[in-house]
Amino acid sequence: MADDAVRAPFDYPDWDVALPSSDGVLFRLHKMILGKASPVFEGMFALPADPAAPGQLQIVDMTEDADTLEHLLRIIYPVPPPTITAVAELDSLFEAMKKFQMRQFVPALEQQMMGLLQSDTLEPLRAYTLAYVYKIRRVAQAAARRLLLSPQSLEPVSMPPECTDIPACAMWPLVEYRRDCRKVAEEAVDEASWMVIDCSGRQPVWISHKGRVMDVSGSWMWVTCSDPAHPASNVDLGHRNSQLLVRDWWKEYNAAAKEALKSCPSGEFVMRSGVLRPAVKKAATCGQCSGKAWEELVDYSQLLAKRIDDVTSLVKIKLPF
């Protein structure tokens, strides 16, 4: 084969085996390195030489295309790692690694998969199924988290091809993970003590040693409002058995936030205008609350969204590997 069909950097002058790709590109390589990387290659090179051509260097025709072979060789050889930019490349590479029994190199593709997932090149459900097949825990966790952003995440338009390689029970960890995230997200919404004691940007309420709320100045509008005509009720702070009087329109926001989290347990959903608007509309009937209700609830929803994302980030998907 002509020299211009050889692909660098795999054109070693001390080669003892050549691998022509299915699309006519030649790779000049070393039996020892390939044999150490793959038991399939090791077995192939252990076969007796062709007696009709003694001393000839070995040529093994490959069914993989040149790009797939180059990606594979970049994992094996001490050269810069492959750069995967499309799911098709990733899929072909996984198939080649499976064919040549090179599972030990699968972790080398983890960062590539994470990049494709974060750029939305790799659909999260397909990333999860690939990660499940090849037992890549970090990618499975990241894919499960991305799937929280869609209420129809487990209803894809088409079945990921890798679903034929996983058991039906492989989908259960996703269901369980989503449920666990929803639980901690809803608990974050309900945690009134965080709102008035640990919330950045607001003065904490002053609570006496006996649990009595003494001073709420500097807190949120739904806490400081003193209009007796505006509906309000107590919430349990869970701190020294103290109770805090808050306007009911804030509780309406909480209920709407928890409803949104049922389908998508992710912080961004509690910041949406459709979740905020009904509570602000009720606040508009109060002379004290109406002027600042929208601004303060938007600020609060952003802090709450971060808190939700922080607590859900601690939830781990339960995998059998």
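Residues numbered from 1 in each chain as written. Predicted model: local features only at pLDDT ≥ 70, side-chain atom pairs only at ≥ 80, totals over all residues. Heavy atoms only, no water.

- An unreviewed UniProt entry lists the chain under the name BTB domain-containing protein, with Lentinus brumalis given as the organism.

Thoughts on the packing of helix α7 (residues 137–147) against helix α8 (residues 172–190)
- At a closest axis distance of 10 Å, the pairing of α7 and α8 adopts a crossing angle of 60°. Considered as vectors, α7 and α8 are oriented oblique to each other. Like other packed secondary-structure pairs, α7 and α8 cross with a definite hand, here right-handed. Seen from α7, the contacting residues are Q141, A144, R145 and L147; seen from α8, they are L174, Y177 and R178.
- Taken together, the residues that form the contact of α7 with α8 break down as 4 nonpolar, 1 polar and 2 charged. (Axes fitted to C-alpha atoms, helices over the stretch in contact; angles between N-to-C directions. Helix = DSSP H or I, 4+ residues; strand = E, 2+ residues; numbered from the N terminus. Parallel < 35°, antiparallel > 145°, perpendicular 65-115°, else oblique. Left-handed = near helix turned anticlockwise from the far one by under 90°. Contact = heavy atoms within 4.5 Å. Nonpolar A, V, L, I, M, F, W, Y, C, P; charged D, E, K, R; others polar.)

Let's talk about the environment of V25
- Here V25 is to be found in the loop between β2 (17–20) and β3 (26–29).
- The exposure class assigned to V25 is buried, which follows from its relative accessible area of 15%.
- Put simply, V25 and V6 are 19 residues apart on the chain and 5.8 Å apart in space, counted from C-alpha to C-alpha. (Buried < 20%, exposed > 50% of the residue type's maximum accessible area, 1.4 Å probe, protein only.)

Notes on the pattern of salt bridges
- For the structure on display, the rule yields 18 salt bridges.
- Measuring nitrogen to oxygen at the nearest pair gives 2.8 Å for the salt bridge that ties K318 to D180. Taken together, the positions of K318 in the segment after α13 (293–312) and D180 in helix α8 put the pair 138 residues apart, joining distant regions of the chain.
- The class for K318 is partly exposed, based on a relative accessible area of 48%.
- Put simply, R272 and E268 hold a salt bridge, and the shortest N to O gap is 3.1 Å.
- Among the ionic contacts, a cluster of salt bridges with common partners joins R7, D67, E70 and R74. (Salt bridge = Lys/Arg side-chain N within 4 Å of Asp/Glu carboxyl O.)

Digging into the side chain of E162
- Within the fold, E162 resides in the loop between α7 and α8.
- Setting aside residues no more than four positions away along its own chain, E162 makes contact with D91, R126, T129, L130 and V133.

Comments concerning the sheet that holds strand β1 (residues 6–11)
- Taken in spatial order, the 4 strands make up an open sheet running β1-β3-β2-β4, and their pairing is mixed. The open sheet has two free edges, formed respectively by β1 and β4 (58–59), since each of these has just one partner strand.
- Packed onto the sheet, helix α3 (residues 66–76) meets β1, β2 and β3 and runs at close to 5° relative to β1. (Pairing = 2+ DSSP bridges.)

Section: the domain arrangement of the chain
- For the chain, the domain assignment lists domain 1 (1–65), domain 2 (81–166) and domain 3 (190–314).
- Spacing between the C-alpha centres of domain 1 and domain 3 amounts to 68 Å. (Domains from an automatic or database assignment.)

Things to note about the environment of R7
- Of note, R7 is situated in strand β1.
- On the basis of relative accessible area, R7 is assigned to the partly exposed category, the value being 22%.
- Sequence separation of R7 and E70 is 63 residues, and the distance between their C-alpha atoms is 8.5 Å.
- Contacts of R7, omitting those with residues within four sequence positions, involve V25, L26, F27, A66, D67 and E70.
- Within polar-contact distance, the side chain of R7 engages the side chain of D67 at 3.0 Å. (Polar contact = N/O pair within 3.5 Å; in protein donor to acceptor, adjacent residues only side chain to side chain.)

Here we look at the nonpolar core
- If you look at the biggest cluster of nonpolar residues, it comprises 63 residues, and the most contacted ones within it are L29 and L34.
- The dominant element in this core, judged by the number of residues it contributes, is helix α6 (residues 124–134), at 8 residues.
- Residues lining this core come from more than one domain, with at least three contributed by each of domain 1 (1–65) and domain 2 (81–166).
- If we skip the residues at most four places from it in the chain, L29 touches F10, Y12, W15, D16, V17, L19, L34, L73 and Y77.
- One finds A192, V246, W249 and Y253 within the second-largest nonpolar core, a separate group that totals 41 residues. (Core = buried A, V, L, I, M, F, W, Y, C linked by side-chain atoms within 4.5 Å.)

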